[in-house]
Amino acid sequence: MTITYADGDAPTEDDLDVDGIQCSETQELRSFTGGGDVDGRAAVTVSILGDQATVAIHLEDDRWFVGSGTTDSDDDSVAFDGFEGSVVEQGADLDILGIVDDAATVSGSLACD
């Protein structure tokens, strides 16, 4: 997966290797979680209801990509192509300390292990 965002005036592109994705479905809500552990939380969390996805991906330190919108998925995979969101800095209390870039994108795919 590739996250593209601006850090100040510097364009940044983070390439992430994500594995260990666990998938589950409850009624019509599908979840893709895993990719490591960040303070007891999954490094990647994607929740999909219909074609609407909510996404949180850990980048580094206290930075996360977060976004919601339409995406393509099937029972065991989800694909992103320029999926829009924001890169934010998160505090110890899970509060958002600041927005690094509100025009970030993610591209790539996740598949269940």
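Residues numbered from 1 in each chain as written. Predicted model: local features only at pLDDT ≥ 70, side-chain atom pairs only at ≥ 80, totals over all residues. Heavy atoms only, no water.

Caption draft 1: Looking closely at the environment of Asp 17. Within the secondary structure, Asp 17 is located in the loop between β2 (10–15) and β3 (22–26). Spatially, the C-alpha atoms of Asp 17 and Leu 110 are 9.9 Å apart, while their sequence positions differ by 93 residues. (Helix = DSSP H or I, 4+ residues; strand = E, 2+ residues; numbered from the N terminus.)

Caption draft 2: Up close: the nonpolar core. Ile 3, Val 46, Ile 57, Phe 65 and Phe 80 are the most contacted members of the largest nonpolar core, which totals 22 residues. Residue assignment for this core shows that the elements contributing at least two residues are β1 (2–7), β5 (41–49), β6 (52–60), β9 (77–90) and β10 (96–111). (Core = buried A, V, L, I, M, F, W, Y, C linked by side-chain atoms within 4.5 Å. Buried < 20%, exposed > 50% of the residue type's maximum accessible area, 1.4 Å probe, protein only.)

Caption draft 3: Region of the structure containing the pairing of β2. With six bridges connecting them, β1 and β2 associate as antiparallel partners. Looking across to β2, one finds that Ala 6 is bridged to Pro 11. (Pairing = 2+ DSSP bridges.)

Caption draft 4: View of unusual backbone geometry. The phi angle at Gln 27 is positive, at roughly 55 degrees, despite the residue not being glycine. Looking at where Gln 27 falls in the secondary structure, it is placed in the loop between β3 and β4 (29–38).

Caption draft 5: The arrangement of the pattern of salt bridges in detail. Summed over all chains, the structure comprises two salt bridges. A salt bridge links Arg 63 to Asp 7; the nearest nitrogen and oxygen atoms lie 2.9 Å apart. Remark: Asp 7 occurs in strand β1 and Arg 63 occurs in strand β7 (residues 63–70); sequence separation between them is 56 residues. Here Asp 7 falls in the partly exposed class, since its relative accessible area comes to 33%. The salt bridge involving Glu 89 is made with Arg 63; its shortest N-O contact spans 3.2 Å. Of the two residues, Glu 89 sits in strand β9 while Arg 63 sits in strand β7, which places them 26 residues apart along the sequence. Taking the relative accessible area as the measure of exposure, Arg 63 reaches 13% and is therefore buried. Bridged by salt links that share partners, the residues Asp 7, Arg 63 and Glu 89 form one connected network. (Salt bridge = Lys/Arg side-chain N within 4 Å of Asp/Glu carboxyl O.)

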